[in-house]
2 protein chains.
Amino acid sequence: MNIEMIRAAAERLKGHARRTPLLSSPFLDEIAGRRVFVKPECLQHTGSFKFRGGWSAVSALTEAQRKAGVIAFSSGNHAQGVAAAARAHGAPAVIIMPSDAPKAKIANTRGLGAEVVLYDRAGESREEIGAKLSSERGLTLIRPYDEPQVIAGQGTTGLEIAEDAKTLGIDKADVLIPCGGGGLTSGIAMALEAEAPGLRARPCEPKEFDDTTRSLASGTIQRNARLAGSLCDAIITPQPGEITFPIMKRLCGPGIVVSEDEALRAMAAAFNHLRVVIEPGGAVALAAALFHPREIEGDTVIAVASGGNVDAEVYQGALSRFA
Amino acid sequence: MNIEMIRAAAERLKGHARRTPLLSSPFLDEIAGRRVFVKPECLQHTGSFKFRGGWSAVSALTEAQRKAGVIAFSSGNHAQGVAAAARAHGAPAVIIMPSDAPKAKIANTRGLGAEVVLYDRAGESREEIGAKLSSERGLTLIRPYDEPQVIAGQGTTGLEIAEDAKTLGIDKADVLIPCGGGGLTSGIAMALEAEAPGLRARPCEPKEFDDTTRSLASGTIQRNARLAGSLCDAIITPQPGEITFPIMKRLCGPGIVVSEDEALRAMAAAFNHLRVVIEPGGAVALAAALFHPREIEGDTVIAVASGGNVDAEVYQGALSRFA
């Protein structure tokens, strides 16, 4: 895993992934007490940064691997990112999803051309189902974060942040990143190390699912006590990855932990002042930027809004309470 | 009014206005039955394309005019566009707003540094108040659409559409534009005439407020029967402008008229598939693209989403009914 892989992924993504801008609003600056820039990966294809990793991984396959196809386990954003990237490459995609996943996500993943295989969370092992399908059909597994080409793809987000920060004259800032398994955070951290060493990556997590924050504080990988029951489902993983954690440990500043209500308030603020739709998990970094000012250094902060795939009901709830 | 004024405005806006992209989703293509691209001016500074016209007009003033300040009549997007542009140029701005305008819009306009003067719609004449203030203080009036430098600023949207269409290999398409007084529509039409002659500008309006559509059909300026009572308030004007109408008559294809419910459905579709927030008036062009396929020519359509300044309650209503 090195910066050259991220640069090579950026070449492969060129003209395919959306080059997202940095958004800002004087009203957000006022709430935060410093300049705030938001990197809206909710505007990325399939509604999250996961398209970058999916594209990077699929485009790095050999012709024979692509022809055989890919497989992924995901109930959410990774599923759609891999499905869209595979379709564009003419590669068959099998996505293993729990049968109780939101119908819209299942429909969207199918709509992107993937074969969705449902399994029963209680009685079946998705790993067994996946292993059987993979060996039968020669599918290549694309892991959601602990996979070098996926990390390389997510890291292209960091190259863009570094480039735009240079244009804006920002040479020192905390870069806040919603963190699940750490693919996006570690990729951005490596890109910033190479291209904008005054910018520091910092993982952001929801309360009670702060495995990475605790892992960074203790120096060893810590697990979450539970894996369900958060509106921030898009960024809930059991623990930081074996590949991602050492990178984060070497490069990242301390994690920031926000409440679910703070994430919903950040969604409402983005609705009012940026007109972009952010999902709860994708809003934890903006929530940290707006509502945890004393944990942040410097006069400028950059927050990644990692995705926007939120159910209308959850979104309406955020607006009715906080907009 | 000519293309050179639009090109000059683009130079003045460079690095100040946001360069908005063209967004797309396979799910929108499926609804529309053709390729759909959306130009999200809701992501522009102050949440609408009006920032372009405001910036163009203020930046074209002499030093002395800027020092004296500007004045505008507006309860909405034009107010915020002028206020933000004036502040950035160090020009005082007075905005005349009706006292029953939404509190959030008054607060936002003040938050952008403007002096807001409220008037009573029933008992006072805003023109008299404005004329008095202008003569006392030497303020320059910035009209919302029938003003060459404002049209030039809005026209920069068309230069960007032409440039991106070229990159995408689109040489023929209808370009659908939410139309009030016609500043945006006429500006884009002129830019397309010069830079992408295969792209045709077409005004889109809400039912019962289709003055421009009827004016184009009859060849002479027609008025709306009423001016209030539409959720699409951002694009309701008495009639097309004296400057804008002849340009639209020369260059535009027929108007398209959509229902308010279609605009709300388009807002919900943009929420689900593009993750951008569009206001009802700003969604009429996307509504035409999605729900009026037989009125559109060609295999590709480009819809401008002109603004995103919508009250949370109205937005929640759109999602609960159509998302």
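Details of the structure are given in the entry above.
These numbers were taken from a predicted model, which means no experiment stands behind them.

A. Spatial organisation of the sheet that holds strand E8 (residues 256–258) of chain B. Residue and element names in this part refer to chain B. Spatially, the five strands line up as an open sheet ordered E1-E9-E6-E7-E8, and their pairing is parallel. Lying at the two open borders of the sheet, with one neighbouring strand each, are strand E1 (35–40) and E8. Adjacent strand axes in the sheet meet at a mean angle of 25° when their direction is disregarded.

B. Summary view of the pairing of strand E3 (residues 93–98) of chain A. Residue and element names in this part refer to chain A. In terms of burial, E3 is a largely internal element, five of the six residues being buried. As paired elements, strand E2 (residues 70–73) and E3 share four bridges and run parallel to each other. Of the residues in E3, the one forming a bridge with Ala72 is Ile95. Handedness of the crossover joining E2 and E3 through helix H5 (residues 77–88) is recorded here as right-handed. In this sheet, strand E4 (residues 115–119) lies alongside E3 in parallel orientation, the contact comprising five bridges. By the bridge assignment, Val94 is partnered in E4 with Glu115.

C. Quick look at the interface of chain B and chain A. Every contact between the two is made by 21 residues of chain B and, on the other side, 21 residues of chain A. Elements that contribute at least two residues to the side of chain B that touches chain A include exactly helix H2 (26–32) and helix H14 (312–322) of chain B. The element that contributes the greatest number of residues to the side of chain B that touches chain A is H14 of chain B, accounting for five residues. In terms of residue class, the side of chain B that touches chain A is built from 14 nonpolar, five polar and two charged.

D. Structural context of the sheet that holds strand E4 (residues 115–119) of chain B. Residue and element names in this part refer to chain B. Spatially, E4-E3-E2-E5 is the arrangement adopted by the four strands of the open sheet, whose pairing is parallel. Either end of the sheet is taken by a strand with one partner, and the two such strands are E4 and strand E5 (140–141). Across the sheet, helix H5 (residues 77–88) lies against strand E2 (70–73) and strand E3 (93–98), angled at about 165° from E3, the strand it touches most. Sheet strands in contact with helix H7 (residues 126–137) are E2, E3, E4 and E5, and its direction is about 180° off that of E2.

E. Structural detail: unusual backbone geometry. Phi angles above zero are rare outside glycine, and Glu208 of chain B is one such case at about 75°. Note that Glu208 of chain B resides in the loop between strand E7 (199–206) and helix H10 (211–218).

F. Broad picture of the relation of the copies chain B and chain A. For the pair chain B and chain A, the relating rotation is 180°, the translation along its axis is 0.0 Å, and the fit reaches an RMSD of 0.0 Å. This pairing of chains is accounted for by a two-fold axis. Proximity to the rotation axis, assessed at the C-alpha, singles out Val276 of chain B in chain B; its C-alpha lies 2.3 Å from the axis.

G. Focus on the environment of Ala86 of chain A. Residues and elements named next belong to chain A. Its location among the elements puts Ala86 in helix H5. As a C-alpha pair, Ala86 and Leu61 span 25 residues in sequence and 11 Å in three-dimensional space. Apart from residues lying up to four places away in sequence, Ala86 is in contact with Val58, Val70, Ala91, Pro92, Ala93 and Ala114.

H. Structural context of the packing of helix H12 (residues 260–273) of chain B against helix H13 (residues 284–291) of chain B. All names here are of chain B. Where H12 contacts H13, the two axes come as close as 8 Å, and the packing angle between them is 90°. The pairing of H12 with H13 is recorded here as roughly perpendicular in orientation. Where H12 abuts H13, its residues Glu262, Ala263, Arg265, Ala266, Ala269 and Ala270 lie against Val284, Leu286, Ala287, Leu290 and Phe291. Among the residues forming the contact of H12 with H13, the class breakdown is nine nonpolar, no polar and two charged.

Rules behind the numbers
- Residues numbered from 1 in each chain as written.
- Chains lettered and ligands numbered in written order.
- Predicted model: local features only at pLDDT ≥ 70, side-chain atom pairs only at ≥ 80, totals over all residues.
- Pairing = 2+ DSSP bridges.
- Helix = DSSP H or I, 4+ residues; strand = E, 2+ residues; numbered from the N terminus.
- Axes fitted to C-alpha atoms, helices over the stretch in contact; angles between N-to-C directions.
- Buried ≥ 20, exposed ≤ 12 C-beta atoms within 10 Å, placed from the backbone.
- Right-handed = clockwise from strand over helix to strand, strands pointing away.
- Contact = placed C-beta atoms within 7 Å.
- Nonpolar A, V, L, I, M, F, W, Y, C, P; charged D, E, K, R; others polar.
- Least-squares fit on C-alpha atoms with pLDDT ≥ 70 in both.
- Parallel < 35°, antiparallel > 145°, perpendicular 65-115°, else oblique.

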